[in-house]
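# Structure assessment
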Amino acid sequence: MNMKTFNIQPTDKALQAAIQAKIDNLNKPKGSLGRLEELAMQVCLIQQTLAPSLAHPCHLLLGGDHGIEREGVSVSPREVTWQQMINFTRGGGGVNMFCRQHGFKLRVVDVGVDYDLSSVPGIIDRKIARGTKNFLYEPAMSEDEFHQAIQVGADLVDDCIAEGCRILSIGEMGIGNTSPSSIWMHLFGNIPLDQCIGAGAGLDTPGIRHKREVLAKALARHQAVLSPLNSQLSTVNPQLSTLNSQLSTLRIFGGFEMIAAIGAMLRAAEQHLIVLIDGFIMTACAVAAIRLYPASQDYMIFTHCGDESGHKKMLDIVGAKPLLSLGLRLGEGTGALCAFPIIDSAVRMMNEMNNFDNAKITKYF
């Protein structure tokens, strides 16, 4: 299985010494601004400048339904997806509040909601199908649908860039999408399935047990396709075999909104945007993107570790240190938006804080 290719390079570290020198010469004790200094370094390297900018921040809210929801793996019914999508257009969601607070332009996008939203003002129609298929019995999407979802995400980022966007956050709305996220965590992180499954939107203990049984059956059904060891290709070209296995994992279990998020993350990294990663589902998408293009992690800031079981373990897969731990499990990208002021502080530190020479303060280290 082939996939659209992206030209993603690691951030150029040639400027690192100059950035560090500027940080160290600000009128403060060396290293005293902690994570802000680390963030400033990362943002400057992404933008290749000593005077970074967070111009025109954009937030993509991607909606899609999941066939696996039919198996009772979520406490919320699927109609909540389209109802919330409409609510977002009226400004009544948590994501709306935080976008207003922090000056983000919100794009609400229907990638695969099981409802006709084409005539609803304020929703961008990029619908691939009315929800994915039930991966307990068959792959969630076809290869063509997978490619289309990747392209949708990339195109949405291009639209943001055309408006001058330098920083992007991504959120999701899709009842049941913790199930594919748990499977991706299990397969990409080699973590026992039990440690990857949580309550989602509020499952009780029997519900979590049922969810585990459903996901275990789904994994068993698709095992022959997923394992590179079961492919003749693995003995000829192990690297290509692993790639095929990764792409199959995404296509068999993923949601349209999740695959579009991966496409958006990869295009944003290719175009040297700052990408804010939020929540359990978006972290699963980020891990998948990093597996495909390891250099894409240079452009990601992991903003929040939520309450969903296993989220910290999934962050550990890629060695990510989240900025916040607020117990959020709303989705929608709200944790990323809440973290934005911290990143803004790091940028303001670089652009507005005086240095020892100008302040006429003795540099004592």
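Placed above this text is the structure.
Rules used in this analysis
Sequence order as written defines residue numbering, which begins from 1 separately in each chain. Predicted model: local features are reported for residues with pLDDT of at least 70 only, side-chain atom pairs are reported and counted for 80 or more only, and whole-chain, interface and lining totals are derived from all residues. Heavy atoms from the whole structure form the basis of all side-chain values; hydrogens and water molecules are not counted. Runs of E in the DSSP output that reach at least two residues are strands. Runs of H or I that reach at least four are helices, and both are numbered from the N terminus. When we talk radius of gyration, it's over C-alpha atoms, and the globule rule is simply 2.2 Å times the number of residues to the 0.38. Three exposure classes are used, based on accessible area relative to the maximum for each residue type with a 1.4 Å probe and protein chains only: buried under 20%, partly exposed in between, and exposed over 50%. Only heavy atoms enter the contact rule, under which two residues are in contact if any of them lie within 4.5 Å. Put simply, buried Ala, Val, Leu, Ile, Met, Phe, Trp, Tyr and Cys residues joined by side-chain atoms within 4.5 Å make one nonpolar core. Basic side-chain nitrogens of Lys or Arg form a salt bridge, by our definition, when they fall within 4 Å of a carboxyl oxygen of Asp or Glu. Grid spacing is 1 Å over the protein atoms alone, the probe is 1.4 Å, and a cavity is where that probe fits but cannot get out, while a pocket is an open set with protein on both sides within 12 Å along at least five of seven lines and lining residues have an atom within 4 Å of a point. Grid points are joined across faces, edges and corners, and a volume is the space filled by probe spheres set on the points. Each residue receives one of three labels: charged for Asp, Glu, Lys and Arg, nonpolar for Ala, Val, Leu, Ile, Met, Phe, Trp, Tyr, Cys and Pro, and polar for the others, Gly being one of them. Pairing between strands is defined by DSSP: at least two bridges between them are needed. Side-chain atoms alone can form a polar contact between residues adjacent in sequence; in general such a contact is a pair of N or O atoms within 3.5 Å, and within protein one must be able to donate a hydrogen while the other accepts it. Simply put, an axis is a line fit to the C-alpha atoms, just over the touching stretch for a helix, and the angle between two N-to-C directions goes from 0 to 180 degrees. A helix is expected to span 1.5 Å multiplied by its residue count minus one.

A separate point is the overall build of the protein. Along the protein, the regular secondary structure elements total 14 helices and six strands. A compact globule built from 365 residues would reach a C-alpha radius of gyration of about 21 Å, and the protein, at 21 Å, matches this within 12%. Its C-alpha atoms put the protein at 70 × 55 × 40 Å along the principal axes. Per-residue burial over the protein gives 55% buried out of 365 residues. Contacts in the protein between residues at least 24 apart in sequence constitute 75% of all its contacts with a sequence separation of at least 6.

Attention now moves to the nonpolar core. If you look at the biggest cluster of nonpolar residues, it comprises 120 residues, and the most contacted ones within it are Ile170, Trp184, Ile262 and Met265. Sequence-distant contacts of Met265, that is, excluding residues within four places in its chain, are made with Ile170, Val275, Ile277, Met282, Cys285, Ala286, Ala289 and Met300.

This structure, assessed with the given rule, holds 18 salt bridges. When the shortest N-O distance is used, the salt bridge between Arg212 and Asp194 registers 2.1 Å. A residue pair is termed long-range when its members are at least 10 positions apart, and Arg212 in helix H7 (residues 205-226) and Asp194 in the loop between helix H6 (178-189) and H7 qualify at 18 residues. Overall, Arg212 belongs to the partly exposed group, its relative accessible area being 32%.

A separate point is the layout of surface pockets. The computed volume of the second largest pocket comes to approximately 360 Å³. Around the second largest pocket sit 16 residues that line it, and Glu38, Gln42, Gln297, Asp298 and Met300 are the ones nearest its centre. Sorting the residues of the lining of the second largest pocket by element identifies helix H2 (34-47) and strand E6 (300-302) as the ones contributing at least two each. Sorting elements by how many residues they give to the lining of the second largest pocket places H2 first, with six residues. When the residues that make up the lining of the second largest pocket are grouped by side-chain class, the tally is seven nonpolar, four polar and five charged.

Turning next to the pairing of strand E1 (residues 58-64). Among the seven residues of E1, seven are classified as buried, and the element is accordingly described as predominantly covered. Neither face of E1 is open: one carries Cys58, Leu60, Leu62 and Gly64, the other His59, Leu61 and Gly63, and all of them are buried. Two elements, E1 and strand E2 (residues 105-112), share seven bridges in a ladder whose sense is parallel. Its bridge partner lying in E2, Gly64 is registered against Gly112.

With that settled, consider the environment of Asn177. For Asn177, the position within the fold is in the loop between strand E4 (167-173) and H6. By relative accessible area, Asn177 is classed as buried at 4%. A sequence separation of 93 residues divides Asn177 from Gln84, and the C-alpha atoms of the two residues are 15 Å apart. Not counting residues up to four positions away in its chain, the partners in contact with Asn177 are His66, Glu172, Glu257, Met258 and Ile281. A distance of 3.1 Å separates polar atoms of two side chains, one belonging to Asn177 and the other to Glu257.

With that out of the way, let us pick up the sheet that holds strand E5 (residues 274-277). Ordered by their spatial adjacency, six strands build an open sheet running E3-E2-E1-E4-E5-E6, and the pairing between neighbours is parallel. The open sheet terminates on both sides in strands that have one partner only, identified here as strand E3 (123-125) and E6. Each adjacent strand pair in this sheet contributes to an overall mean axis angle of 30°, direction not counted. Against the sheet, helix H5 (residues 143-162) touches E1, E2 and E4, its axis set at about 155° to E1.

Moving on, we get to helix H10 (residues 256-270). Along its 15 residues, H10 runs 21 Å from first to last C-alpha, staying within 8% of the 21 Å computed at 1.5 Å per residue. Most of H10 sits inside the fold, with 15 of its 15 residues counted as buried. Just past H10, the residue His272 takes up positive phi, approximately 60°.

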